Each structure stands twice: as C-alpha cells, then as structure tokens.
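Reading the structure
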Amino acid sequence: MPLRKVIDMLRGTVECLFIYFICLAIWRQYLRFTKPELDNIPGPQPRSFWKGKSNLYYEMFSFTRVFLITGSLPDYFNANGWKYHRYLWKTYGPAIKMKGLFGELNTFQIDMLSWMGRTALELIGQSGFGHSFDDLTEDYDEHSYSAAIKKVVPVTFRMSILRVYGLYYIVKLGSAAFRRKLISILPWPAMKEARDIADVLHKTSLEIYQAKKKAILEGNQEVTDQISQGKDILSILMRANMEASEDDRLPEDEIYGQIATFTFAGMDTTSNAIARILWLLSQHKDVQDKLRSELREAMQNAGGELPYDELVALPFMDAICRETMRIHSPVWQLLRKPNKDILLPLSKPIKTVDGGEMNEIFVPKGTTVMCGLLASNMNTEIWGPDAFEWKPERWIEGLPKTVTDAHLPGIYSNLMTFSGGSRACIGFKFSQLEMKTVLATLISKFEFSPTQEIIWRMTNIVTPALAHGDHTKPQMPLMVKLATDSA
Ligand code: HEM
C-alpha cells in the first residue's frame, strides 16, 4: 500500500477518534450540569490535570490518553494501589465519588503461578470442554492455546490499564474487519499481540467445537471415548441446543464463544487464588503444618484418596479457602453502568459535601459505578476490628452476628468475591473444588517455603510478581521440598 494512502487512513482514524472523544467530553459535562446529584457525594480530590506522574505523561502522546489519565483514576487503577484503596474505604465510607475523565531433600524453586495456571486451564479444559490442552509435562508448545492464554495477563500488564481502556473503546468501533485494519495500522505492538492471542483462542475454540459436534453426530462410542465421556459442560450445552426448538436455539458462534468465556473467567481467577493460598501457607508454616495434618489424617481414614464429600467438608481447609477469598479476592472490583437513571440504596446514610445526609444515591444513566468488592469483604463494621488480618480460624470459631445481620448479597459465604445476583459467578463451586483438590494433592506431599520477595499487583485480576525484578512478568517462585512424615 502506498505511503500516502497509509497516512490518509491514519489521519482519518485519528480524526474519528478525536471527534468521538470531544463528543464524549461534551456529553459528560452536559450530564454534570443537568444531573448534579453526584456532585454532592464526598470523594478524594483528583490530582491536578497537569500534575500527573511523569510516567503517565510519558504515555500521553494522544488526546485520548489525556482524558484517561486525569482525575483520581491513576491512583485508583494502580497495580500498587492497595494503600490508596484502604485510605478510600477508611476516609469516605460506602459510597465514594471518583473523578476522572476520563524444592536438603529434593528441594526445588518452582514458579508455582505458572504451574497453577496450566493446572487451572487443564481442569477447565477436561471438565468444561472434554478436551485436554496440556499434558502437564515440562514440554510446552509455545503456539498452543495454553501458551496464548498464558500471554493474556503479561500483555495486559504491558498495555497498562490506560491502554486496556483504549482496547475497550476500539472493540466498539465499526465492523470486525475495520477494527482488524485499524489494529494493523496503529503503531501499538501490544494491541497486535492481543489480536494474535484472540486469533489463537478463536481458532482453537472452533476446532474443539467442531470435533465435539462430529463426535455427537457420529454416535455414542465417539463421545464415550472422550476424556469427559460427554459429561462436560460443552457437550451438555451442545446436546441441549440440538434438541431445542429453532426459536430457542443458540447460534453456533455463541456456543463456541463459551469456550473462551469459560477459559477467561475460570483460569486466571482460580490459578491466582490457589497461588495466593500457597504463598500464604509458605509465610505461615504453622497453618501449613496444621493443614497437612488434617489432610493426612483424613486420607488415612479414607484409605487413600478423599471422596468429594469428605474433601469439601474438611473444616480447616475450608476455613483457609474462605479466609483467603475474603481478604485476597482475585477480582477486586466490578464495573457497572446503568442503562437508565437509578436510585442506589445505601446500607447506611452518608454525609454529603454540603453537611446533609443521603440514604440513597441518584445515579444518572451512563454513570460508571466502580463496585469495590474488597471494601465490603474487609469492612471493619461487619467483620470486626481484625477485618484486615488473614485469620482462617475466624471461620471455625464462628463469625460475628454483624456478618449475618449485614445481609450481604454475595453468593458465597457473605462475601462479594464471586459477586451476587443474576450475573454472579457461575463457577464458584467448581473453583472451590479445584482449590481443595489441588491443595490436598500438593500440601499432603510437599512443603512450601518463601524464596524471593513477592508483591501482589492490583491488576484486573490480582497477580504476583517479583518485588525486585520484572513487575510485568506474573510469577511466584517458591521453594518446594518433599514433606517429611512428621511435617
Ligand atoms: C477464585 C475463582 C473465581 C473468582 C474470584 C470469580 C469471580 C467472578 C466474579 C466476581 C464474577 C462476576 C463478574 C461480573 O459481573 O462482571 C464472575 C463471573 C463469571 N465467572 Fe467466575 N470467578 C472464579 C472462578 C470461575 C470459574 C472456575 C469459572 C468456570 C468454571 C467461572 C465462570 C464465570 C462465568 C462464566 C462468569 C460470567 C457469569 C455471567 O456474567 O453471567 N468463574 N466470576
């Protein structure tokens, strides 16, 4: 393509984006003046428009980003933002207005995060789609579905939250062909990487779907020979869809689209959750030893492997999982945007900027509501003064009455970790089973100790990285050794 044509296309794209964001800014200002109710809700003073951190200025070569880095959002959407979030919960209460336009004996050091990622993907692969992605040996196909999905988090790290926002806008622009063209033109390598990852996910999902369809159509033996013997979620969904009336039937692309949805929703959430538990156990050797004793005793009584009912009922393991999901929820917030004006009820009144009180908030259509899941899970008024501490025994000693009295809408354990209502996590039971199965297998046999200092980054899904190393590489090395009989 001649250079002139490329420049013309680039200019056209930039002009469209420019006009789009100008309109968006005018619309936001219009909402501020016509629906001023939100202005009466207290919140932190945003940074001055021109005093953003220098690294944010570095990113700022297009007008688009000028919108995105303003206000309090750089502090809110910050991978190291734990302190800022705690300050918000303590200072402003339940509703806050955020401004922003926009391994001795067989000892190894093992990156447990990477192994938990591969394990979680394989578990969802076999039980979700009756398909094996990974034989969990050292060899690793860099062009595989598992390799592609493992790159998602590093790529989003590299894109930074602001660029992920850019992606959010681009997926809404024009047709798929137009967006593909746009991405190939824009000088944005991480976006091209994201497109390539999406291509591998799409191609593999389609291949799994087509193989399964063939097996279902060709009769029972083919299905029986599959890993899940046709009991996986996808087979059940496909058979139900084939039997449904034409009106109720889902189009094929919606069905195989579920493969990527389940993988995305079920892999990094659970793998980071298990990694977090292993990390906590490595820090709290007494808890790790107590869990190992509980597991070994139960296994001995069962004569080997634990049946499902016994595994899920182990009290100390259950307490560890619940407490970790309370204080270290892998998903820390949900974004919602009402499609009509709504009245948002409050659990208790808030003091308004003008000295009054508010029992409910009028939220105009289109307002972004950032639902802080951790603020609820660690609310000292509900969970007590030690709400910020990781104490598995609180689940065994009995929770305070304030927890049940709060009538929290979460589907799991009075927690908001898996959300609540009609869009709550449909995989929460499955993820519990995954956590417990993996922990039972590992902790009964191995002992985990810390090696390098780990930080947990407040990215879309909370992810570990080395404190003194590459922050953009999700990893969690731990020392692993065979646990002795007495350990
Ligand atoms: C510790 C592990 C997990 C956590 C913390 C978690 C958390 C969540 C949360 C907070 C939502 C609501 C998202 C929203 O409304 O925007 C959600 C939705 C969802 N989750 Fe999970 N999840 C986990 C594991 C899983 C697993 C293992 C699966 C699949 C087997 C799964 C499948 C889904 C699906 C399909 C949705 C979308 C439901 C809908 O929108 O109707 N999740 N999850």
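Bear in mind that the values here come from a model prediction, so they are computed numbers and not experimental data. (Residues numbered from 1 in each chain as written. Predicted model: local features only at pLDDT ≥ 70, side-chain atom pairs only at ≥ 80, totals over all residues. Heavy atoms only, no water.)

This part takes up the site of the ligand. Inspection of the region around the ligand gives 23 residues, with Ile124, Arg336, Phe418, Arg423 and Cys425 positioned closest. Within the contact set of the ligand, a nitrogen atom lies 3.4 Å away from a backbone nitrogen or oxygen of alanine 265. Separating an oxygen atom of the ligand from a side-chain N or O atom of arginine 423 is a distance of 2.7 Å. For the shell around the ligand, the secondary structure elements donating two or more residues are helix 12 (252-283), strand 2 (333-336), strand 7 (415-420) and helix 20 (428-445). The leading source of residues in the shell around the ligand is helix 12, at six residues. The class makeup of the residues in the shell around the ligand is 13 nonpolar, seven polar and three charged. (Near = heavy atom within 4 Å. Polar contact = N/O pair within 3.5 Å; in protein donor to acceptor, adjacent residues only side chain to side chain. Helix = DSSP H or I, 4+ residues; strand = E, 2+ residues; numbered from the N terminus. Nonpolar A, V, L, I, M, F, W, Y, C, P; charged D, E, K, R; others polar.)

Attention now goes to the pattern of salt bridges. Scanning the entire structure with this criterion turns up 19 salt bridges. Where arginine 292 meets aspartate 289, a salt bridge forms, and the shortest distance between an N and an O atom there is 3.1 Å. One end of the pair, arginine 292, and the other, aspartate 289, are both in helix 13 (residues 285-302), three residues apart, so they sit about a helical turn from each other. Residue class for arginine 292 comes out buried when judged on its relative accessible area of 0%. Its relative accessible area of 30% is what places aspartate 289 among the partly exposed residues. Linked by salt bridges that have partners in common, Glu323, Arg326, Asp386, Glu389, Lys391 and Arg394 make up one network. (Salt bridge = Lys/Arg side-chain N within 4 Å of Asp/Glu carboxyl O. Buried < 20%, exposed > 50% of the residue type's maximum accessible area, 1.4 Å probe, protein only.)

Turning our attention to unusual backbone geometry. Phi is positive for histidine 407, which is not a glycine, with a value near 45°. Along the chain, the position of histidine 407 falls in the loop between helix 19 (401-405) and strand 6 (410-412). What makes histidine 407 exposed here is its relative accessible area of 67%. If you check the backbone angles, asparagine 414 has positive phi at about 60° while not being a glycine.

Pairing is antiparallel in the open sheet, where three strands are placed in the order 1-11-8. Among the strands making up the open sheet, the edge pair consists of strand 1 (107-111) and strand 8 (446-450). Ignoring strand direction, the axes of neighbouring strands in this sheet form an average angle of 35°. Bridging between strand 8 and strand 11 (residues 477-482) involves five bridges; their strand directions are antiparallel. Opposite proline 450, over in strand 11, you have leucine 478 as the bridge partner. (Pairing = 2+ DSSP bridges. Axes fitted to C-alpha atoms, helices over the stretch in contact; angles between N-to-C directions.)

This next bit is on the UniProt feature "binding site: heme" (unreviewed entry) in the protein chain. Feature annotation in UniProt assigns "binding site: heme" (unreviewed entry) to the following positions: Cys425. Beyond its immediate stretch of four places on either side in the chain, cysteine 425 contacts Ile411 and Phe418. (UniProt positions renumbered as here; feature names shortened; annotations may be inferred. Contact = heavy atoms within 4.5 Å.)

Summarising the model, the protein chain shows a mean pLDDT of 83, and 83% of its residues fall at 70 or more. Mean pLDDT across the elements of the protein chain ranges from a minimum in helix 2 (residues 54-58), with 26, to a maximum in helix 15 (residues 315-327), with 98. For the stretch residues 48-70, pLDDT sits under 50, and the model shows 41 contacts to residues farther than four places along the chain or on other chains. Under a pLDDT of 50 for its full length, residues 102-106 has, in the predicted model, 22 contacts with residues more than four places off or in other chains. Here the prediction assigns the complex a pTM of 0.82, and the interface score ipTM is 0.98. (pLDDT = per-residue confidence, 0-100.)

On to the coordination of the iron atom of the ligand. Geometry reference: four tetrahedral donors at a metal, ideal angle 109.5 degrees. Six octahedral donors, ideal angles 90 or 180 degrees. Within the protein, a single donor atom binds the iron atom of the ligand, namely Cys425 (SG) at 2.3 Å. Inspection of the secondary structure assignment puts cysteine 425 in the loop between strand 7 and helix 20. (Donors = N, O, S within 2.8 Å, 3.2 Å for Na, K, Ca; no water.)

Moving on, we get to helix 12. Compared with an ideal rise of 1.5 Å per residue, which puts 32 residues at 46 Å, helix 12 spans 47 Å between its outermost C-alpha atoms and is within 8% of the ideal. With respect to burial, helix 12 is a largely interior element, 23 of its 32 residues being buried. (Expected span 1.5 Å × (residues − 1).)

A few words now on helix 15. In this model, helix 15 (13 residues) spans 18 Å end to end at C-alpha, consistent with the 18 Å of a helix rising 1.5 Å per residue. Among the 13 residues in helix 15, eleven count as buried, and that is most of the element. Those residues of helix 15 not exposed but buried are Phe316, Met317, Asp318, Ala319, Ile320, Cys321, Glu323, Thr324, Met325, Arg326 and Ile327.

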